[in-house]
Amino acid sequence: MARPLIYLQYLPAFEATARLASLRRAAEELNLSPSAVSLQLKKLGEATGIVLFERAGRNIALTPAGRDFAQAVAVSLGQLDGAARDCRSRGAATPQQSLALSLPTALGVAWLSAVAVEFAENRNIANLAINEAITAAEVDWQASDVAIVYDNPPFPGRYWRLLSEVRLRTVCAPTLFPRLDLQHRERKLNGITLLHEDRGEEWARWGVAARVNLQGSASVRVASVAQAIASAVQGQGLALVSDVLTRNLLREGRLIQPFATSINAAAAYYILCPVDRAEEPLLQALMERLVERVGS
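In this text the structure is predicted, and so the values were computed from the model without any measurement.

Conventions used here
- Residues numbered from 1 in each chain as written.
- Predicted model: local features only at pLDDT ≥ 70, side-chain atom pairs only at ≥ 80, totals over all residues.
- Heavy atoms only, no water.
- Phe/Tyr/Trp six-rings, centres within 6.5 Å; stacked < 30°, edge-to-face > 60°.
- Buried < 20%, exposed > 50% of the residue type's maximum accessible area, 1.4 Å probe, protein only.
- Helix = DSSP H or I, 4+ residues; strand = E, 2+ residues; numbered from the N terminus.
- pLDDT = per-residue confidence, 0-100.
- Pairing = 2+ DSSP bridges.
- Axes fitted to C-alpha atoms, helices over the stretch in contact; angles between N-to-C directions.
- Contact = heavy atoms within 4.5 Å.
- Expected span 1.5 Å × (residues − 1).
- Arc of directions from axis to C-beta.
- Salt bridge = Lys/Arg side-chain N within 4 Å of Asp/Glu carboxyl O.
- Core = buried A, V, L, I, M, F, W, Y, C linked by side-chain atoms within 4.5 Å.

So what's going on with the packing of aromatic side chains? Which residues, and what values?
Taken as a whole and assessed by the stated rule, the structure comprises 7 aromatic pairs. Seen from their ring centres, Phe155 and Trp160 are 5.5 Å apart, and the 85 degrees between their planes marks the pair as edge-to-face. For Trp160, a relative accessible area of 35% puts it in the partly exposed group. On the basis of an interplanar angle of 65 degrees and a centroid distance of 5.6 Å, the ring pair of Phe155 and Tyr270 is categorised as edge-to-face. In this pair, Phe155 sits in the loop between strand S5 (146-151) and strand S6 (158-164) while Tyr270 sits in strand S12 (residues 268-274), placing the two residues 115 residues apart along the sequence. The same class applies to Phe155 and to Tyr270, which are both buried.

Take a look at the structure:
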């Protein structure tokens, strides 16, 4: 018999496919591609020596051996889940951990709040607080353990670590693209609304770098980068923002980048915490997770 550790990692894909009777639906539930699920099922069959599925027209169906194996897997996974709950309940008497994180609004909305919630769940942190601040001076350190800021060092009294450099690129909704006269020799943005949260300095720098004439374009100043991105998604204009903030929207096709030109932002994203707490295991683990997530 094959050693269980060889194929344990493939069991969730098998259980979901067997339960839902659909490779596509199993992939959606597990947030994987159908090809990834199919590969895991193939490896599971090879590791166990069992023919798990057979073709049924366009679909797949469990073989008799596959049905028996699916029942055993469902029971085993249920027992493991119950054991995990029992262990958590027995450990409930231990002091509950808490964590307070300060984030720039746009970064939190884009994806970082979700990362913080996932981290807290994986670490069994019962009390998570997410505060908002953009620069280091705005962070309330009475209410925050760690902060992500859009700023420039030095940060006196704080340990800091670079999270991400910031390159600014233009983004807009796909529906706005036909209105951009990119074939014209003079490259103008006549009639296009430029969305920005500063006084327009970054757009002016980008126009020079991209050799695009911004005369004749409208200008709308918003309160935050998050509002600029939201307005761009709704087709209300061009925003000049970081890929770090828009990458999920770009992957989903809700935003596009009509110009290849990018410019350096005036600041970057840094992780901060009090100097005397920089070696705490929980804060170190959080900072490592944030850096890893940005790079993925």
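Let's hear about the confidence of the model for the chain: which residues, and what values?
The predicted model of the chain has a mean per-residue pLDDT of 84, with 91% of residues at 70 or higher. In the model of the chain, helix H1 (residues 4-7) stands out as the element of lowest mean pLDDT, 58, in contrast to S12, which has the highest, 93.

Please provide a residue-by-residue account of the sheet that holds strand S7 (residues 167-171), values included.
With mixed pairing, 5 strands are arranged side by side in an open sheet as S9-S8-S10-S7-S11. Across the chains shown, the open sheet's two edge strands, defined by having one partner strand only, are strand S9 (218-221) and strand S11 (262-264). Between one strand axis and the next, the sheet turns through 30 degrees on average, direction left out of account. Looking at chain direction, S7 and S11 are connected through 3 bridges and run antiparallel. Within S11, the position partnered with Arg167 by the bridge is Asn264. Taken strand by strand, helix H9 (residues 243-252) contacts S7 and strand S10 (238-242), and its axis lies near 115 degrees from that of S10.

Outline helix H4 (residues 34-48), supporting the account with residue identities and numerical values.
Here H4 is 15 residues long and its end C-alpha atoms lie 21 Å apart, about the 21 Å a rise of 1.5 Å per residue gives. When H4 is considered as a whole, its buried residues turn out to be Val37, Gln40, Leu41, Leu44, Gly45 and Ala47. Viewed along the axis of H4, the buried residues span an arc of 165 degrees, placing them on a single side of the element. Turned more than 90 degrees from where H4 packs its buried face, Ser35, Lys42 and Glu46 sit exposed. Gly49 sits one or two residues past H4 and shows a positive phi near 75 degrees.

I'd love a proper account of the pattern of salt bridges, names of residues and values included.
In this structure the tally under the stated criterion is 11 salt bridges. In this structure, the salt-bridge partner of Arg24 is Glu28, at a minimum N-O distance of 3.0 Å. Linking Arg24 with Glu28, this pair stays in helix H3 (residues 23-30), spanning 4 residues, or about one helical turn. Taken together, the shared-partner salt bridges in this structure form one network comprising Glu15, Arg19 and Glu29.

Describe the environment of Leu30, naming the residues involved and giving the relevant values.
With respect to the helices, strands and loops of the structure, Leu30 is situated in helix H3. By relative accessible area, which is 28% here, Leu30 ends up partly exposed. Put simply, Leu30 and Pro12 are 18 residues apart on the chain and 8.3 Å apart in space, counted from C-alpha to C-alpha. The residues touching Leu30, leaving out its near neighbours within four places in the chain, are Pro12, Ala13 and Ala16.

Just give me the short version of helix H2 (residues 11-20), but keep the residues and values in it.
What sets the pattern is the α-helix's 3.6 residues per turn: residues three or four places apart point alike. If you check which residues of H2 are buried, you get Leu11, Ala13, Phe14, Ala16, Thr17 and Leu20. A positive backbone phi angle near 55 degrees is found at Ala21, which sits one or two residues after H2.

I'd like to hear about the nonpolar core, residue by residue, with values.
Core analysis: the largest hydrophobic core is formed by 56 residues, its most contacted members being Leu107, Ile148, Leu189 and Trp206. If you tally residues by element for this core, the top one is helix H6 (residues 105-122), at 8 residues. Apart from residues lying up to four places away in sequence, Leu107 is in contact with Leu112, Ile148, Leu163, Val244, Leu245 and Tyr269. Membership of the second largest hydrophobic core comes to 16 residues, among which are Leu41, Leu52, Leu62 and Val73.

Tell me what's going on with the side chain of Ser102, and back it up with residues and numbers.
Residue position: Ser102 is located in strand S3 (residues 98-103). If we skip the residues at most four places from it in the chain, Ser102 touches Asn131, Glu132, Ala133, Val139, Ser144, Val146, Ala147 and Ile148.

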